[in-house]
Amino acid sequence: MSMHPDIEQVLFSEDEIAAIAKRMGAQITEDYRDKNPLIVATLRGAVVFFADLARAIECPLTMDFMRVYSYGAGTKSSGTVTIDTDLRTDIEGRHVIIVEDILDSGLTLSKLLDVLRERKPASLEIAAFLVKDIEGYEPPVHPRYVGGHIPDAFVVGYGLDYAERYRNLPYLGVLKPEVYS
Ligand code: 5GP
């Protein structure tokens, strides 16, 4: 597949992403075999990864969706989270795994976890496709499952957008800065 002209560098190819989803799926299968976990996709960025991860998990599970946002059309977290679409599932006593696309500041997830903990799930863990490594910064949440680490750059593709574009790229890449500046 040829690289989109707005992409500066590919960080994870389709094949690498497939291997990541398989590995994380196998770990979750092992840990949740008899727990009927509820896996939750955070809309919209995580849905592409969610679809791959779910198919790599080989134990019974149920799915639900949540839409929270903290970004608007820019490239930096606003630090407050708004729940736009809530779960349809009662999570009390359930083993819940939040599937997240990317952990950047971690502020979005940390606020989301506060909200969900009040609903008394039996357990609450995070599966993050990517964690951004920011020098000198310790994020407030620690995903139990991590797909990969990326440098502090703005990335798109594989579900991630810039102003709603690029979500359908099958790889993950760094956007050329001139596209958003
Ligand atoms: P945080 O609250 O951790 O700073 O941001 C979390 C959300 O911001 C992620 O779930 C993701 O949707 C979005 N985000 C963070 N970094 C990037 C990035 O590099 N590219 C894109 N497209 N979205 C990002």
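Up top you'll find the structure we're talking about.
Residues numbered from 1 in each chain as written. Predicted model: local features only at pLDDT ≥ 70, side-chain atom pairs only at ≥ 80, totals over all residues. Heavy atoms only, no water.

Q: Would you mind showing me how to read the site of the ligand here?
A: Near the ligand you find 16 residues, and of these Asp101, Ser105, Gly106, Thr108 and Val155 are the closest. Contact distances for the ligand include 2.9 Å between an oxygen atom and a side-chain N or O atom of lysine 132. Contact between the ligand and valine 155: a nitrogen atom at 2.7 Å from a main-chain N or O atom of the residue. Coverage of the ligand by the protein chains reaches 91% of its 500 Å² of free accessible surface. Elements with a minimum of two residues in the shell around the ligand: β5 (95-103) and α3 (107-117). For the shell around the ligand, the element with the highest residue contribution is β5, accounting for three residues. Looking at the shell around the ligand, its residues break down into seven nonpolar, four polar and five charged. (Near = heavy atom within 4 Å. Polar contact = N/O pair within 3.5 Å; in protein donor to acceptor, adjacent residues only side chain to side chain. Areas by Shrake-Rupley, 256 points an atom, 1.4 Å probe, with all protein chains shown as cover. Helix = DSSP H or I, 4+ residues; strand = E, 2+ residues; numbered from the N terminus. Nonpolar A, V, L, I, M, F, W, Y, C, P; charged D, E, K, R; others polar.)

Q: Hey, could you run me through helix α1 (residues 14-32) in this one?
A: Two residues of an α-helix separated by three or four positions point the same way, owing to the 3.6 residues in each turn. Taking 1.5 Å of rise per residue, 19 residues should cover 27 Å, and α1 covers 27 Å from first to last C-alpha, within 8% of that figure. For α1, the full list of buried residues reads Ile17, Ile20, Ala21, Met24, Gly25, Ile28, Thr29 and Tyr32. Taken around the axis of α1, the buried residues stretch over an arc of 165 degrees, which confines them to a single face. α1 presents Asp15, Lys22 and Glu30 as exposed residues on the side facing more than 90 degrees away from its buried surface. Elements that come into contact with the buried residues of α1 comprise β1 (7-12), α2 (47-56), β5, β6 (123-133), β7 (145-151) and β9 (172-175). (Expected span 1.5 Å × (residues − 1). Buried < 20%, exposed > 50% of the residue type's maximum accessible area, 1.4 Å probe, protein only. Arc of directions from axis to C-beta. Contact = heavy atoms within 4.5 Å.)

Q: How do you make sense of the sheet that holds β9 when you look at a structure like this?
A: Backbone hydrogen bonds are what pair the strands of a sheet, in a parallel or an antiparallel way. As summarised here, the arrangement of the three strands in space is β1-β9-β8, forming an open sheet in which the pairing is antiparallel. One side of each edge strand has no neighbouring strand; the edge strands of this open sheet are β1 and β8 (155-156). In terms of strand pairing, β1 meets β9 through four bridges, oriented antiparallel. Considered in β9, the bridge of glutamine 9 is made with valine 174. (Pairing = 2+ DSSP bridges.)

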